[in-house]
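If you want the building blocks of each chain, they are given just below.
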Amino acid sequence: MQTLSDLPALCAAIAALKSDGKPLVLVPTMGALHDGHMALVEEARRHGRHVVVSIFVNPKQFGPNEDLAAYPRREAKDAQMLTAAGVDILWAPTVDVMYPAGFATNISVSGVSDGLDGAARPGHFDGVATVVTKLFNQVRPDVAIFGEKDYQQLAVIRRMVADLDMGIEIVGMPTQRAEDGLALSSRNAYLSDDERKAALALPRALGEAKRQMEKGGAVEEALAKAVAMLSAQGFDPVDYVTLCDAVTLEPMSVLDRPARLLGAAKLGKTRLIDNIAVDIA
Ligand code: AMP
């Protein structure tokens, strides 16, 4: 695996890789890799495709009071894991390479970015859309893989790629979970032992609300119960537990089409998110 952090070296390596005509797949990450990320990499490796993984902790997607400085960084271990997984290129640009002096462009995807995490974290999805556009232009992949763990992010990127005719196939991978059901996340490293136990309330509350709604229970009631379950386990604040259209992410009060149930809440200093499909009975 080549680990690269400057743009001319990346361009040369990508050109060499692409010369055999095989498709090139990009897996964008912020590092501190876990089995969730590695499932994306394995999917990328399938069918003998070339794989580029990017690691970039993107300052533009963190708000002023968020955890940019504390975000876990484990470059050496990440590189080991990616080498073992057969990745061709690790693209790890510095902030100065990504955003040189004078950088002034912002990509903003309206609608799908507005609610949920877009409302709770103003500017977050502009930061995501801007950096993903840059990564796509730098790496020029045929396919890019994202996790359903960040369901709204996946929806924003699909919208952007369609709107801007980017011509990149976007693949969404199911959320990888710990044995007890907690979605794997780099941020789980922040949780104390007690918080780790309480964190299970998030997938459980979403799962319980899904069951109620799929049995025909009132949406509003199921959502209120989920919020109450989270509060009872010490989540504070609960930013949202919302049923949304699976594609547009418009909020739904009646389960009349394929939907996604999304939740976000803070446990101590750690903000956790999760989501689950909800099917019409
Ligand atoms: P991050 O490093 O958190 O920005 O995540 C990089 C990519 O990995 C994103 O597309 C995430 O949605 C995906 N990802 C993170 N955690 C998981 C998980 N538990 N299961 C599947 N994909 C994940």
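A quick note: this is a predicted structure, and the numbers were derived from the prediction, not measured.

S.K.: Any chance you could explain the layout of surface pockets here in plain terms?
M.R.: Empty pockets left among the atoms are what a rolling probe the size of a water molecule brings to light. What the second largest pocket holds in volume is close to 310 Å³. Taken together, 18 residues form the lining of the second largest pocket, with Ile55, Phe56, Glu75, Ala92 and Pro93 sitting closest to its centre. Counting residues per element, the lining of the second largest pocket draws most heavily on helix H3 (residues 75-84), which supplies three residues. For the lining of the second largest pocket, the residue count by class is 11 nonpolar, three polar and four charged.

S.K.: Got a minute to help me understand the sheet that holds strand E8 (residues 259-267) in this structure?
M.R.: Each strand in a sheet pairs with its neighbour through backbone hydrogen bonds, running either in the same direction (parallel) or in the opposite one (antiparallel). The three strands are arranged E7-E8-E9 in an open sheet whose pairing can be described as antiparallel. Two strands lie at the open edges of the sheet, namely strand E7 (238-245) and strand E9 (270-278), each paired on one side alone. Averaged over all adjacent pairs, the angle separating strand axes in this sheet is 10°, with direction ignored. Where E8 and E9 come together, nine bridges link them in antiparallel fashion. Pairing of leucine 261 across the sheet is with isoleucine 276, part of E9. Seen against the sheet, helix H9 (residues 201-214) touches E7, E8 and E9 and runs at an angle of roughly 25° to E9.

S.K.: When you look at the packing of aromatic side chains in this model, what are you seeing that I'm missing?
M.R.: Aromatic ring pairs: the centre-centre distance and the angle between the two ring planes describe each pair. Evaluated as defined, the whole model comprises four aromatic pairs. Considering the side-chain rings of tyrosine 99 and phenylalanine 103, the 5.0 Å spacing of their centres and the 65° angle between planes classify their relative orientation as edge-to-face. A residue is classified by how much of its surface remains accessible, and tyrosine 99, at 12% relative accessible area, is buried. With a relative accessible area of 27%, phenylalanine 103 lands in the partly exposed category. Between lysine 60 and the ring centre of tyrosine 99, over which it is positioned, the NZ or CZ distance is 4.6 Å.

S.K.: Is there a simple way to explain the UniProt feature "binding site: (R)-pantoate" (unreviewed entry) in the protein chain in this structure?
M.R.: Mapped onto the present numbering, the UniProt feature "binding site: (R)-pantoate" (unreviewed entry) falls at Gln61 and Gln153. Across 93 residues in sequence, these annotated residues keep their C-alpha atoms within 11.2 Å of one another, forming a single compact spot. Mapping glutamine 61 onto the fold places it in the loop between strand E3 (50-55) and H3. Among the polar contacts listed, one links the side chain of glutamine 61 to the side chain of asparagine 58, at a separation of 2.9 Å. Of note, glutamine 153 is situated in helix H7 (residues 151-163). In contact with glutamine 153, other than residues within four places in its own chain, are Phe125, Val128 and Phe146.

What counts, and where the lines are drawn
- Residues numbered from 1 in each chain as written.
- Predicted model: local features only at pLDDT ≥ 70, side-chain atom pairs only at ≥ 80, totals over all residues.
- Heavy atoms only, no water.
- 1 Å grid on protein atoms, 1.4 Å probe; cavity = no way out; pocket = protein on both sides within 12 Å on 5 of 7 lines; lining within 4 Å.
- Points joined across faces, edges and corners; volume = space filled by probe spheres on them.
- Helix = DSSP H or I, 4+ residues; strand = E, 2+ residues; numbered from the N terminus.
- Nonpolar A, V, L, I, M, F, W, Y, C, P; charged D, E, K, R; others polar.
- Pairing = 2+ DSSP bridges.
- Axes fitted to C-alpha atoms, helices over the stretch in contact; angles between N-to-C directions.
- Contact = heavy atoms within 4.5 Å.
- Phe/Tyr/Trp six-rings, centres within 6.5 Å; stacked < 30°, edge-to-face > 60°.
- Buried < 20%, exposed > 50% of the residue type's maximum accessible area, 1.4 Å probe, protein only.
- Lys NZ or Arg CZ within 6 Å of the ring centre and 35° of its normal.
- UniProt positions renumbered as here; feature names shortened; annotations may be inferred.
- Polar contact = N/O pair within 3.5 Å; in protein donor to acceptor, adjacent residues only side chain to side chain.

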